[in-house]
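Architecture and fold: a report
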Amino acid sequence: MEPMANPRSFFLTTPIFYVNDAPHIGHAYTEVAADVLARWHRQGGDDTWFLTGTDEHGQKILRTATANGVEPKEWADRLVESAWKPLLDTINISNDDFIRTTDARHEEGVAKFLQKLYDDGHVYAGEFEALYCVGCEEFKPKSEILDGTGEFEGEKVCAIHSKPLELLQEKNYFFKMSAFQDRLLALYEERPDFVQPASARNEVVAFVQQGLEDLSISRTSFDWGVPIPWDSSHVTYVWFDALLNYVTAIGYGRDDAEFDRRWPASHLVGKDILRFHAVIWPAMLMAAGIEVPDHVFAHGWLLVGGEKMSKSKLTGIAPNEITDTFGADAFRYYFMRAVSFGHDGSFSWEDLAARYHAELANGFGNLASRVLAMNAKYFEGRVPAPLEEQAEHADDAEIRELAASVAARADERIEAFAIHEAIAAVWELVDALNGYITEQEPWVLAKDPGQRDRLASVLYTASEGLRALAELLSPVIPEAAQKLWAALGAEETLGELAAQPIREAGRWRRLPAGVQQHPLAGLFPRIETDGSAK
Ligand code: MSP
């Protein structure tokens, strides 16, 4: 036998979330997208590592903690335990690691990285005066500074937060980022898929072409951060600290074997933090002599009432407001299917309820329960034996071929981060199977003993279709897929669902005939909505 090739490494990250407040569905959206990709790659046999975590230093967190009368670390602990870790359960996230920027492994890695940049001459001390937005934790570029109106008349405000900017004048350490302008432009040119989608790439290229300035990487006016290793009167700028989580979590400066196994990463980020990831981060890595990431993919915003959903603008919706009623699977499915990944998408309760009923309850859930009920009724709950392959009916062949094509296209779309298109491809099989059942009318065939073989083939084809769907939908709706898998009798014969090679989901005749199946409780029960808020 050929020796097995080493599996391909797939290291995927989400942004690490600020712990100044509890999560809303915008945060959950990034997590779910990353989780679907990670589960898909894991099931595809890739050496997958999925990292998420929390961003706990900086002025924003310090101010929130102080306003609540507690030390920042105590505040961060509280929010991580009461809000951010529970979020991962609420929406069924399968992360392999959770990094906090207050972890010793992180703080030590940050210090090592900084010291290296300093020793190699990429850092200098300087005076600085500029307008800072604490909401963004950023000195704002001119293009994002606006004249305030109303209560902020006469002040300069942040274009994103609409709040006044603060004029800071400090002695800072600077990272010579400007020196990397040409190398960055060459990177975007040589690797057009480094920043995705194309609109994000264009924005980044235009930004860097305007000219890069050096980056202030330390602060002296407060001490909630990682001390600068050669000058403890400064703490590290929170973004510089935060970006490094992607390497400190996998052993930077601590465990070279682990680091080499995982790095480089693919980063998923919201478009509001694209510049940090597509400009500052690769420049930092270049300075340290580390390979740049594989990809930086910027997704859009969830909009509520036409605006970016945010708690500060009082449009925040907590994820469990949705999952309490519709469940985690529906949450995951809805946002991945209804929003084109890479573009903004509007959330509404009406749209969620409509898709839940049309697609999950009537489209998929019904298909599964009908087929299993017919197997129970006509074949004593066993997977029926199909006719031999040479006698395959053209309609059955069509389903088999569609399953193979759908599985291949979905995988190709996932590789390209087009999650919504991957799900749409899989749904072609859901729709085709529903149409197939309607046309074949197994309940009519069942009345004619002469059609017993045909009935068996039709229900075998439908059962195999469900087997393929369970495998392909497992990354998106893991709970429902697992219930279906168990009901099909696949667990006993094919093993765990998560262990099924997703890239072979379209291969036919996997479910052995004669296997005992099990009753299936409604996968997506109807939900009575009062037509108003939910
Ligand atoms: N702490 C930084 C990230 C550091 S990564 C080294 C941060 N945190 S955040 O909590 O403010 O945002 C985290 C992610 O949530 C970002 O990707 C952001 O785009 C995303 N979202 C916040 N509101 C959102 C929507 N309304 N819609 C979609 N995603 C949004 O930034």
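Structure: see above.
A brief look at the structure comes next. The shown structure was predicted, so the numbers you read here are calculated from the model rather than taken from an experiment.

Conventions we followed
- Residues numbered from 1 in each chain as written.
- Predicted model: local features only at pLDDT ≥ 70, side-chain atom pairs only at ≥ 80, totals over all residues.
- Heavy atoms only, no water.
- Helix = DSSP H or I, 4+ residues; strand = E, 2+ residues; numbered from the N terminus.
- Rg over C-alpha atoms; globule rule 2.2 N^0.38 Å.
- Buried < 20%, exposed > 50% of the residue type's maximum accessible area, 1.4 Å probe, protein only.
- Areas by Shrake-Rupley, 256 points an atom, 1.4 Å probe, with all protein chains shown as cover.
- Near = heavy atom within 4 Å.
- Polar contact = N/O pair within 3.5 Å; in protein donor to acceptor, adjacent residues only side chain to side chain.
- Nonpolar A, V, L, I, M, F, W, Y, C, P; charged D, E, K, R; others polar.
- Salt bridge = Lys/Arg side-chain N within 4 Å of Asp/Glu carboxyl O.
- Pairing = 2+ DSSP bridges.
- Axes fitted to C-alpha atoms, helices over the stretch in contact; angles between N-to-C directions.
- Contact = heavy atoms within 4.5 Å.

Some remarks on the overall build of the protein chain
When its secondary structure is counted, the protein chain shows 19 helices and 19 strands. The C-alpha atoms of the protein chain give a radius of gyration of 26 Å, which matches the 24 Å a tight globule of 534 residues would have. Counting all 534 residues of the protein chain, 56% fall into the buried class. For the protein chain, the computed accessible surface area is about 22100 Å², with 50% contributed by carbon and sulfur atoms.

Let's talk about the site of the ligand
Among the 25 residues in the neighbourhood of the ligand, the closest are listed as I16, D55, G270, D272 and L302. Contacts to the ligand include I16, whose backbone N or O atom sits 2.8 Å from a nitrogen atom. Residue Y18 places a main-chain N or O atom 3.2 Å away from an oxygen atom belonging to the ligand. Surface burial for the ligand is 95%, taken as the share of its 670 Å² of free accessible area covered by protein chains. When contributions to the shell around the ligand are tallied by element, the ones reaching two or more residues are β2 (17-18), α1 (25-43), α7 (238-243), α8 (245-248) and β15 (266-270). Of the residues contributing to the shell around the ligand, the split by class is 13 nonpolar, nine polar and three charged.

Quick notes on the pattern of salt bridges
Throughout the structure, instances matching the rule amount to 39 salt bridges. Across the pair E170 and R219 runs a salt bridge, and its minimum N-O distance is 3.2 Å. With E170 in strand β9 (residues 166-175) and R219 in strand β12 (residues 218-219), the pair connects residues that are 49 residues apart, well separated along the chain. Note that E428 is salt-bridged to R409, the shortest N-O span being 2.9 Å. One end of the pair, E428, is in helix α15 (residues 419-440); the other, R409, is in helix α14 (residues 394-415), with 19 residues separating them in the sequence.

Quick word on the sheet that holds strand β13 (residues 227-228)
The three strands are arranged β12-β14-β13 in an open sheet whose pairing can be described as antiparallel. Single-partner strands in this sheet number two, and they are β12 and β13. Examined bridge by bridge, β12 and strand β14 (residues 231-236) share two bridges and lie antiparallel to one another. Of the residues in β14, the one forming a bridge with S218 is T236.

Focus on unusual backbone geometry
Q196 connects to P197 through a cis peptide bond whose omega is -5°. Of note, the amide linkage connecting W263 to P264 takes the cis form, showing an omega dihedral of 5°. Here P264 is to be found in the loop between α9 (256-262) and β15. The backbone of E137 shows a phi angle near 55°, a positive value even though the residue is not glycine. Tracing the chain through its elements places E137 in the loop between β5 (123-133) and β6 (138-139). You can call E137 buried: its relative accessible area is 0%. Within the chain, R509 stands out as a residue other than glycine whose phi angle is a positive 60°. Following the sequence through the fold, R509 ends up in the segment after α19 (490-494).

Examining the pairing of β5
When a strand is regular, its side chains alternate between the sheet's two faces. Bridging between β5 and β9 involves ten bridges; their strand directions are antiparallel. In the strand pairing of β9, E129 is matched with Q169. Sheet analysis places β5 next to β6, joined by two bridges and oriented antiparallel. Within β6, the residue paired with Y132 across the bridge is F139. Taking the residues between adjacent antiparallel strands as the criterion, β5 and β6 are bridged by four residues, where E137 takes a positive phi near 55°.

Some points on the sheet that holds β9
Sheet architecture is open: four strands sit in the order β6-β5-β9-β11, paired in antiparallel fashion. Here the strands that pair on one side only, and so sit at the sheet edges, are β6 and β11 (215-216). In terms of strand pairing, β9 meets β11 through two bridges, oriented antiparallel. From the neighbouring strand, F175 faces β11, where its bridge partner is L215.

Some points on the packing of helix α12 (residues 328-338) against helix α18 (residues 478-487)
Interhelical geometry of α12 versus α18 gives an angle of 115° and a closest axis separation of 7 Å. Of the residues in α18, those touching α12 at A328, D329 and R332 are P478, E479 and A480.

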